[in-house]
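Secondary and tertiary structure notes
What follows is the residue order along each chain.
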Amino acid sequence: MKKILFLITLTLVLGCSTDDKDCCTIIDTGVSIKYINEDGQNLLGPVGRYTEADITIYHKINNEWIRYYKGNLDNPKGITTVERQDETYLVIFPSTTIVANNYSETKIEFSESDFDILKTEIDKNNSNQIITRVWYNNELKWEGLQTERIFEIVK
């Protein structure tokens, strides 16, 4: 019996040791977008043109657009809206599936005929996934790690 307890204790001690190199996982992928019209009015929210229910997210996987399917309790559609200084922003959690050269693509569909493409450069090291550049319809909108990933789109 003492041998069994010793083996269990030894296994727990050795199995629970940590390596400083793999101590943490960083997943930093959220992109915040404020949609406005040409007059600067916010298009999101209850009085805007778009609501969270109107928007569908697709991830490009194996060269096909796949509707976002990895729902979770907090953000089942891969998006959420947040309020910042009395303005509504859409937060998108883009695809982390690499299409080519460290880039992923996410389609933001507002209707069958109205959609935009979000392209992100992703730095994947060890277990970390961090977006380092963002393009919206092929226009570079954000790069670098010094500022928050946030920008405006006129629709």
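So, here's what we can say about the structure. Since we're looking at a predicted model, the values are computed, not measured.

1. Notes on the environment of Glu139
Within the secondary structure layout, Glu139 lies in strand β10 (residues 139–143). With 21 residues separating them in the primary sequence, Glu139 and Leu118 have C-alpha atoms 9.4 Å apart.

2. Examining the pattern of salt bridges
Per the stated rule, a full pass over the model turns up 9 salt bridges. A salt bridge links Glu105 to Lys60; the shortest N-O distance between them is 3.5 Å. Of the two residues, Glu105 sits in strand β7 (residues 103–111) while Lys60 sits in strand β3 (residues 56–61), which places them 45 residues apart along the sequence. Judged by its relative accessible area of 18%, Glu105 falls in the buried class.

3. Looking at the sheet that holds strand β5 (residues 79–84)
Across the sheet, 4 strands lie side by side as β5-β6-β2-β11; this open sheet has mixed pairing. With one partner strand each, in any of the chains shown, β5 and β11 (150–154) form the two edges of the open sheet. Pairs of neighbouring strands in the sheet enclose a mean axial angle of 35°, with direction left out of account. Where β5 meets strand β6 (residues 87–92), 6 bridges bridge the pair, whose relative direction is antiparallel. Opposite Thr81, over in β6, you have Leu90 as the bridge partner.

Conventions used here
Residues numbered from 1 in each chain as written. Predicted model: local features only at pLDDT ≥ 70, side-chain atom pairs only at ≥ 80, totals over all residues. Heavy atoms only, no water. Helix = DSSP H or I, 4+ residues; strand = E, 2+ residues; numbered from the N terminus. Salt bridge = Lys/Arg side-chain N within 4 Å of Asp/Glu carboxyl O. Buried < 20%, exposed > 50% of the residue type's maximum accessible area, 1.4 Å probe, protein only. Pairing = 2+ DSSP bridges. Axes fitted to C-alpha atoms, helices over the stretch in contact; angles between N-to-C directions.

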